[in-house]
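Topology and contacts: notes
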Amino acid sequence: MKRIQTMMLIVQVIDAHDLKPKDGEGSASPFVEVDFQNQLSKTTTVPKNLNPVWNQRLSFHFDKTYENNRHQSIEITVYHDGKSTLGRIFLGRVSIPFKNVVKKGEEVYQKFQLESKRWFSFVKGEVGLKLYISPESEPLKKLEARDSVPRIEASKSATNEEIEVLSEAKRASKPFKKIETSAVVAPLPPDSVPVIEVRSETKRASKPLKKIEACTVIAPLPPDSAPVIEVRSEAKTRESLLVKMQPRGNLEADHDYELKDMNPQLGGRRWRGGGTYGGRGWLGGERSGTTYDLVEQTYHLYVRVVKAKDLASGDPYAEVRLGNYVGRTRHLEHRANPEWNQVFAFSKDRIQSSTLEVYVKDKEMFGRADYLGRVVFDLNEIPTRVPPDSPLAPQWHRMERGRGELMVAVWMGTQADEAFPEAWHSDASTVQGEGVFNVRSKVYVSPKLWYLRVNIIEAQDLILNDNTHVPEVSVKVQVGNQVLRTKICSGRAMNPIWDEDLVFVAAEPFEELLVLTIEDRVNSSRDEVLGTLNLPLTTFEKRLDHRPVHSRWFNVEKYGFNGLEGERRRELKFSSRVHLRACLEGGYHVLDESTLYISDQRPTAKQLWKPPCGILEVGILGAQGLLPMKIKDGRGSTDAYCVAKYGQKWVRTRTILDTLKPKWNEQYTWEVYDPCTVITMGVFDNCHLGTEKHGAGPSTVRDSRIGKIRIRLSTLEANRTYTHSYPLIVLQPSGVKKMGELNLAVRFTTLSMANMVSTYGNPLLPKMHYLHPFTVNQIENLRYQAMNIVSARLGRAEPPLRKEVVEYMLDVDSHMWSMRRSKANFFRLMSLLSGLFSIGRWLNDVCHWKNPVTSVLVHILFLILVWYPELILPTICLYMFLIGLWNYRSRAKHPPHMDPKLSWAEAVHPDELDEEFDTFPTTRTADIVRMRYDRIRSVAGRIQTVVGDVATQGERFGMLLTWRDPRATSLFVFFSLCAAVVLYATPFRVVALVGGLYMFRHPQLRSKLPSVPNNFFRRLPAQTDSLL
């Protein structure tokens, strides 16, 4: 026997009164389900009773040392058991705070009024409960799954109950019912003698029956077994209740990709009184914490070492020591009055001492116990600072055991302190060298991007080097790494004309030059340079609208002309020139991300920006359940940081070292100019900590992807805080995989409701995108160039936001071919059209009188609309209003997240995944490429057939009046004349009435053969006869 010393929450469900009927017969079959800390348990079902009595006790285990218990709640829900036809139906619920539960012996019977969970969900009645906490643990016998089936140890409180342990050979024919809990509490009805059968699904073994007398079974589940418990009642009805239990891990696996609710401690927490080291300082006092309200407050001891004076000569540095944590400043050579101005932050949770020591040492003393002087602080006397308080002024302190003074400031604060991002943190004390900068949190701003439009009009007085061939002159323009070329102009050797637009992406500050080269194609392998022109981008004017820009002539220098001496340059002065019209477009939004996940739609020019309509606040709380990304000291480890991108603002949290449950608790804010935008957040493993192996430089080591999520702001309710745990799902060559969960708190605040509403009527992009649009190929090429510029500029920051991070956040490979994406888009289209197909099937059923009542009602509605046609549009609008109002009850309660099923990632073939992760151009063998090519040909063949059928039907409509088939056209023309006469003489209501009644006619009046119009249409010719 093994006794488990844990606390138990006892919920005794007594009865309920005046419940709402739900079975359609004026009654209900209620049962109660209780949820506490993800433990689910429920009572038995009382059939046909609106005032049921259960008197049943449900037990839940919990850890009494868990400090968040007082913030938990007990969710009690009453359902109607609709059996297999309707499932369970909601009757009401009650939420009881855990902190209101009393100890054993103090419990009393209480009635709780049932509440609804949604608007327009009407409930009534009350439920009677007793709740208390029992410090006593139940005696449990360890369940063994090896060589035997599970056994249940139960108390002998009744003499007429039996527990039979059966083998797999004895299976019951009753359906299974799942209970989501780690223990089964099976009470006994007063009028029955239950027999409980336990089977193990992990190991099927035939064992003799063992009978145990019991009235209540509390069976914990071992992690490697899935017992099946069957409870049979030998009452007059002889009904059996079969309960199938699974380990909690298996139950949670079904919801592994789901969004999970959270209940974190956000905002102004108070510091606990009665500290460890006394009641005077921050360790014992109480002070309100006024920091960010979307994160859990974390407290840090800050030490700012400013400077020292009157030291002995040497290379001094400062060392801050708190328990086992040691932080050092840089050493300054030959300074008697050094200035460091460096901040050290020690997490309150890791403080190991009651005193803080600050040493000043010489470089030669490194690793020794000797020092030039020191200052000691008592942590009980440390002041507290919470922003927006002004920074604490540093003070001079006389150093012990040495001459000189040290200027230091020591205070206690939160992560909202201005010194937090730049501080040295005790949890990153193992980072070396350049890795110190790579673990800090930073805010980045994307460079301001412009579209550079260069219109190459013409050139004059070109001098050819070779007059023996027909000139083929073109212009090549290069801006940075972007190279574009005009078409070839033939026949005009001296004065070619192109009049062609070339568009580039440029970023402020404009560091690149526009290099224009005029070339003559001598043969297929060689181009001869006729002249060059270098122009800084600042020479071009900035245009905010579609007004015309004045063109200019520029002199072109002959190739190699700059290398000649002064006299020679004057002799060979080149007089050719080129005519250009160039400008920087400020009326466009430079796309650096896909329009499907766009986060900013403002034009480049700030003069065209509209005022913001809202504020987006995101609290990056932390992550949990991350998978190990590297091997460190023989075990798996992850050094995670989070990156968020919205608009031009990028944020990067600090790196939390060597943990699979990092806690960042950092809050950031963005201005929102359009609610129909998306914020993207990704989690990465930091591989630049200064501990890379020899030979693996920064250019070869890449930060690993852990996962990312997207949140569309338009799906968020205004002024509501969303706290959820988002699954981090990535697609790997081996398949879809969950890498962990990201914990976020998100709030979208509306500043101006008028601006918010008006944005829904404005164009998605600035008006220049519609007045002078780009082609699809131009948009893709310009987006790729913009992404390269953004990644290059952010990679030059300190710490750098590396290229692999920027590319992953901007979805640089979203345009590449993928069979998986094609299937996902196809099924998205089919689900979209399924509504139309359903309407068509319903209309066909009405026409064929599958349900006579529905057909009669449709006839009545049709007659009303024919007689009063002015009611058609109001009826449609009223129907949409009522449907929208009805769907409000079932609206989504949380933002959308990555869906593997919608992405078609769970059932994807391994070869399709390998093709998706293949490089471009491919690196696979010829056999694999041939197989994939044949597969694409087969898919394209089916698409080709569908497109051909659609084209055939359209061509048949066109052939009605072309006299390609003289007889068919003659019949159609004659029919049109007769129809015109009849319709002119007959009122429209009569025509609509006759046509509708003909369409809805009874099946006995229908023929199974195709209709005459259908036969006539299918006989029309098409252009398929002319295809090769």
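Residues numbered from 1 in each chain as written. Predicted model: local features only at pLDDT ≥ 70, side-chain atom pairs only at ≥ 80, totals over all residues. Heavy atoms only, no water.

**Details of the overall build of the chain**
- For the chain, the count of helices and strands is 16 helices and 47 strands.
- When the 1028 residues of the chain are sorted by exposure, 42% land in the buried category.
- Sequence separation of 24 or more characterises 71% of the internal contacts of the chain that already satisfy a separation of 6 or more.
- Summed over all atoms, the accessible surface of the chain reaches about 56,400 Å², with 55% contributed by carbon and sulfur. (Helix = DSSP H or I, 4+ residues; strand = E, 2+ residues; numbered from the N terminus. Buried < 20%, exposed > 50% of the residue type's maximum accessible area, 1.4 Å probe, protein only. Contact = heavy atoms within 4.5 Å. Areas by Shrake-Rupley, 256 points an atom, 1.4 Å probe, with all protein chains shown as cover.)

**Re helix α9 (residues 819-847)**
- With 29 residues, α9 should reach 42 Å at 1.5 Å per residue; the first-to-last C-alpha distance of 40 Å fits that figure.
- Where α9 bends most, at Leu833, the angle is about 35°.
- Taken residue by residue, α9 has Met819, Arg820, Ala824, Val846 and Cys847 as its buried positions.
- On its buried face, α9 sits against β46 (721-732), α10 (852-867), α12 (910-916), α13 (926-958) and α15 (988-999).
- Capping the start of α9, Ser818 holds a side-chain oxygen 3.3 Å from the backbone nitrogen of Arg820, two or three residues further along.
- A positive phi of about 55° marks Trp849, the residue just after α9. (Expected span 1.5 Å × (residues − 1). Bend = angle between axes of the 7 residues up to and from the residue. Polar contact = N/O pair within 3.5 Å; in protein donor to acceptor, adjacent residues only side chain to side chain.)

**A short note on a nonpolar patch on the surface**
- On the surface, Val853, Val856, Leu857, Ile860, Ile864, Trp867, Tyr868 and Leu871 cluster together into a nonpolar patch covering about 770 Å² of accessible area.
- By the secondary structure assignment, Leu871 is in the loop between α10 and α11 (872-887).
- Residue Leu871 is classed as partly exposed on the basis of its relative accessible area, which comes to 37%. (Patch = residues over 30% accessible without salt bridge, like charges linked within 9 Å, V, L, I, M, F, W, Y side chains within 5 Å. Salt bridge = Lys/Arg side-chain N within 4 Å of Asp/Glu carboxyl O.)

**Some details on the side chain of Thr77**
- One can find Thr77 in strand β6 (residues 73-81).
- For Thr77, a relative accessible area of 12% corresponds to the buried category.
- Not counting chain neighbours up to four residues away, the residues in contact with Thr77 comprise Phe31, Val32, Glu33, Phe90, Gly92 and Arg93.

**Digging into the pattern of salt bridges**
- If you walk through the whole model with that rule in mind, you get 56 salt bridges.
- Asp918 is the salt-bridge partner of Arg932, the closest N and O atoms lying 3.9 Å from each other. With Arg932 in helix α13 and Asp918 in the loop between α12 and α13, this pair connects stretches of sequence that are 14 residues apart.
- Judged by its relative accessible area of 6%, Arg932 falls in the buried class.
- Where Asp927 meets Arg930, a salt bridge forms, and the shortest distance between an N and an O atom there is 3.0 Å. Linking Asp927 with Arg930, this pair stays in helix α13, spanning 3 residues, or about one helical turn.
- Linked through salt bridges whose partners overlap, the residues forming this network are Asp911, Asp914, Glu915, Asp918, Arg924, Arg932 and Arg935.

**So, a positive patch on the surface**
- Residues Arg93, Lys117, Arg118 and Lys893 make up a contiguous surface patch of positive charge.
- Considering the arrangement of structural elements, one finds Arg118 in the loop between β9 (110-113) and β10 (126-134).
- With a relative accessible area of 36%, Arg118 lands in the partly exposed category. (Lys, Arg positive; Asp, Glu negative; His and termini not counted. Charge placed at Lys NZ, Arg CZ, Asp CG, Glu CD.)

**A few points about the sheet that holds strand β4 (residues 39-42)**
- Sheet architecture is open: 4 strands sit in the order β4-β3-β6-β7, paired in antiparallel fashion. The open sheet has two free edges, formed respectively by β4 and β7 (88-97), since each of these has just one partner strand. Put simply, the sheet's adjacent strands are angled 20° from each other on average, direction ignored. (Pairing = 2+ DSSP bridges. Axes fitted to C-alpha atoms, helices over the stretch in contact; angles between N-to-C directions.)

**A look at the nonpolar core**
- In this structure, Trp650 and Leu744 are the most contacted members of the largest nonpolar core, which totals 65 residues.
- Both of domain 3 (448-560 + 573-585) and domain 4 (606-688 + 702-769 + 800-810) provide at least three residues apiece to this core.
- Once residues lying within four places of it in the same chain are set aside, the contact partners of Leu744 are Val618, Gly619, Ile620, Leu621, Met681, Ile709, Ile711, Tyr722, Thr723, His724 and Tyr726.
- If you look at the next biggest cluster of nonpolar residues, it comprises 31 residues, including Phe504, Leu537, Phe540 and Leu580. (Core = buried A, V, L, I, M, F, W, Y, C linked by side-chain atoms within 4.5 Å. Domains from an automatic or database assignment.)

**Digging into the packing of aromatic side chains**
- Here the structure, examined in full by the defined rule, presents 21 aromatic pairs.
- Look at Tyr451 and Tyr588: their rings are 5.8 Å apart centre to centre, the planes differ by 75°, and that puts the pair in the edge-to-face class. Of this pair, Tyr451 sits in strand β28 (residues 449-460) while Tyr588 is found in the loop between β37 (577-585) and β38 (614-624), placing the two residues 137 residues apart along the sequence.
- Under the relative-accessibility criterion, Tyr588 is labelled buried at 0%.
- An aromatic cluster of at least three residues, connected via ring pairs, comprises Phe36, Phe60, Phe62 and Phe98.
- The positively charged end of Lys649 is found above the aromatic ring belonging to Trp670, 5.4 Å away from the centroid.
- Against the face of Tyr888 rests Arg891, its NZ or CZ located 3.9 Å from the ring centre. (Phe/Tyr/Trp six-rings, centres within 6.5 Å; stacked < 30°, edge-to-face > 60°. Lys NZ or Arg CZ within 6 Å of the ring centre and 35° of its normal.)

**A few points about the UniProt feature "transmembrane region" (unreviewed entry) in the chain**
- According to UniProt, the "transmembrane region" (unreviewed entry) feature falls on residues 856-888 and 971-1000.
- Here residues 856-888 runs as 85% helix and 0% strand, with 31 Å between its end C-alpha atoms.
- Secondary structure across residues 971-1000 divides into 90% helix and 0% strand, with the first and last C-alpha atoms of the span separated by 27 Å. (UniProt positions renumbered as here; feature names shortened; annotations may be inferred.)

**Side note on the sheet that holds strand β19 (residues 316-322)**
- Read across the sheet, 4 strands follow the order β20-β19-β22-β23 without closing on themselves; strand pairing throughout is antiparallel. The open sheet has two free edges, formed respectively by β20 (325-328) and β23 (373-378), since each of these has just one partner strand. The sheet shows a mean angle of 20° between the axes of neighbouring strands, taken without regard to direction.
- Here β19 runs beside β20; their pairing, made up of 4 bridges, is antiparallel. In the sheet register, Val320 faces β20, and the bridge partner there is Gly327.

**Focus: helix α8 (residues 803-810)**
- Of all 8 residues in α8, 7 are buried, a share of seventy percent or more.
- All of the buried residues in α8 are Glu804, Val805, Val806, Glu807, Tyr808, Met809 and Leu810.
- Asp811, located one to two residues past α8, shows a positive phi value of around 55°.

**Some points on the packing of helix α7 (residues 776-794) against α8**
- At a closest axis distance of 9 Å, the pairing of α7 and α8 adopts a crossing angle of 140°. For the element pair α7 / α8, the angle class is oblique. Once α7 is placed against α8, the crossing between them reads as right-handed. Across from Arg783, Met787, Val790, Ser791 and Leu794 in α7, the residues of α8 making contact are Lys803, Val806, Glu807 and Leu810. (Parallel < 35°, antiparallel > 145°, perpendicular 65-115°, else oblique. Left-handed = near helix turned anticlockwise from the far one by under 90°.)

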